[in-house]
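Each chain is listed here by its residues.
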Amino acid sequence: MEAYQNLIGVVLEKMQMTHKELRFNLDGLNGVLQQHSEEEKRDTPELLTIAELRDTYAELLSALEGRFPGLREL
């Protein structure tokens, strides 16, 4: 079973990288949305898409952190 330890290590390393990337993207999308009024966000298709992407990133992070809480600490 030691052969699987390397596989687990590689997968966890990738998850950590993915978590950091998701957090970076979520923060960036939030930054874009904060620059606009609620009316602009509601009436601009591109901002609606950005809001949907932001919500999706938040859901992914929530699921990932729920399953692997240690990722938040890295």
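The structure under discussion appears in the preceding block.
Residues numbered from 1 in each chain as written. Predicted model: local features only at pLDDT ≥ 70, side-chain atom pairs only at ≥ 80, totals over all residues. Heavy atoms only, no water.

K.L.:
So what's going on with helix α3 (residues 45-67)? Which residues, and what values?
P.N.:
Here α3 contains 23 residues, and its C-alpha end-to-end distance of 33 Å stays within 8% of the 33 Å for a straight helix at 1.5 Å per residue. Buried residues of α3: L47, I50, A51, L61, L64 and E65, and no others. Elements in contact with the buried residues of α3: α1 (3-34) and α2 (38-43). (Helix = DSSP H or I, 4+ residues; strand = E, 2+ residues; numbered from the N terminus. Expected span 1.5 Å × (residues − 1). Buried < 20%, exposed > 50% of the residue type's maximum accessible area, 1.4 Å probe, protein only. Contact = heavy atoms within 4.5 Å.)

K.L.:
Please set out the environment of L22 residue by residue, giving values where relevant.
P.N.:
One can find L22 in helix α1. Of the residues examined, L22 reaches a relative accessible area of 11% and is grouped as buried. What L22 contacts, discounting residues up to four positions off in sequence, is Y57, L60, L61 and L64.

K.L.:
Now, about the pattern of salt bridges: what can you tell me, with residues and values included?
P.N.:
Taken as a whole and assessed by the stated rule, the structure comprises three salt bridges. Across the pair E65 and R23 runs a salt bridge, and its minimum N-O distance is 3.2 Å. On the criterion of sequence distance, the pair formed by E65 in helix α3 and R23 in helix α1 is long-range, its members being 42 residues apart. On the accessibility criterion, E65 (11% relative accessible area) is buried. By relative accessible area, R23 is classed as partly exposed at 31%. Taking the shortest distance from any N to any O, the salt bridge between D55 and R54 comes out at 2.8 Å. The exposure class of D55 is partly exposed, given its relative accessible area of 31%. (Salt bridge = Lys/Arg side-chain N within 4 Å of Asp/Glu carboxyl O.)

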